[in-house]
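Breakdown of the fold
Chain by chain, the residues run as shown.
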Amino acid sequence: MINRSLPVNKLRDAWVEINLGNLEYNINSIKEKIKASLPKNSEMPKLMAVIKADGYGHGSLMCAPILTACGCSAFGVASVDEGLELRQNKVKEEILVLGCVPIWAFETAAKNDITVSIFNEEHLEAAKILYDRTKMKLKAHIKIDTGMNRIGISHRCAIDFIKK
């Protein structure tokens, strides 16, 4: 007979447990491999941990401090809501919304130092209108479609888009 404790949510018979020490070990191992691949005297690149969907169910609020302590300087999330949850829980590192942000959420993102992905003319115009109206600058990451054809500006148009 298997002896196990009850799951946290008694309505489900499955759950995930994460060993935060293993998370720390994994990040440090990744950093060692990156460092070993860099030319001598090169600066270590910034690390972004993707913790969207509550850290894929592992608890973004629990993982963020460990990841920060291990040297992650940015977090990727799926929505402005997820970024706000991190900000409300004292996460100070850069936060990038990887998916499409609705224009109505641009002001909230700007007020909370959350970077949005932009990839069309409508986004550019909305960012300009936000600045003209509030003098708030929207932090933006230009999303280029790398071939999955989900979101992002075509690589053929990217240079002209970036110049705008």
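The present account deals with the structure reproduced in this document. Note that the structure is a prediction, hence the values are computed from the model and not measured.

The next point concerns the environment of Glu-125. Tracing the sequence through the fold places Glu-125 in helix H6 (residues 121-134). Exposure remark for Glu-125: the relative accessible area of 43% places this residue in the partly exposed category. In this structure the C-alpha to C-alpha distance between Glu-125 and Ile-103, which are 22 residues apart in sequence, comes to 9.8 Å.

For the rest of this paragraph, the subject is the pairing of strand S2 (residues 72-77). When you tally the buried positions in S2, you get 5 out of 6 residues, the bulk of the element. Two strands pair when backbone bridges link them, and strand S1 (residues 47-50) and S2 are joined in this way by 4 bridges, in the parallel orientation. Across the sheet, residue Met-48 finds its bridge partner in S2, namely Ala-74. Note: S2 against strand S3 (residues 94-100), 4 bridges, orientation parallel.

Moving on, we come to the environment of Val-91. The residue Val-91 is located in the loop between helix H4 (80-88) and S3 in this model. A relative accessible area of 10% places Val-91 in the buried class. Taking C-alpha positions, Val-91 is 20 Å from Lys-137, a pair spaced 46 residues apart along the chain. Residues contacting Val-91, with those up to four places away along its chain left out, are Ala-64, Phe-75 and Leu-86.

Moving on, we come to the sheet that holds strand S5 (residues 140-142). Strand order across the open sheet formed by 5 strands is S1-S2-S3-S4-S5, with parallel pairing between neighbours. Here the strands that pair on one side only, and so sit at the sheet edges, are S1 and S5. The mean inter-strand angle of the sheet, taken between neighbouring strand axes irrespective of direction, is 30 degrees. Of the pairings in the sheet, the one linking S3 to strand S4 (residues 115-118) comprises 3 bridges and is parallel in character. When the sheet's bridge partners are listed, Leu-96 is paired in S4 with Thr-115.

Conventions and cut-offs
By convention here, each chain's residues receive numbers from 1 onward along its written sequence. Two thresholds apply to this predicted model, a pLDDT of at least 70 for residue-level local features and 80 or more for giving and counting side-chain atom pairs, whereas whole-chain, interface and lining totals are computed over all residues. As a rule here, side-chain values come from all non-hydrogen atoms in the structure, and water together with hydrogens is ignored. Helical segments are the DSSP runs of H or I of at least four residues, strand segments are the runs of E of at least two, and each set is numbered from the N terminus. Exposure is judged per residue with a 1.4 Å probe applied to protein chains only, and the accessible area is read against the type maximum: over 50% gives exposed, under 20% gives buried, and values in between give partly exposed. A pair of strands is treated as paired once DSSP finds two or more bridges between them. Should any heavy atoms of two residues lie within 4.5 Å, those residues are counted as being in contact. All axes are obtained by fitting lines to C-alpha atoms, using only the stretch in contact for helices, and the reported angles, taken between N-to-C directions, cover 0 to 180 degrees.

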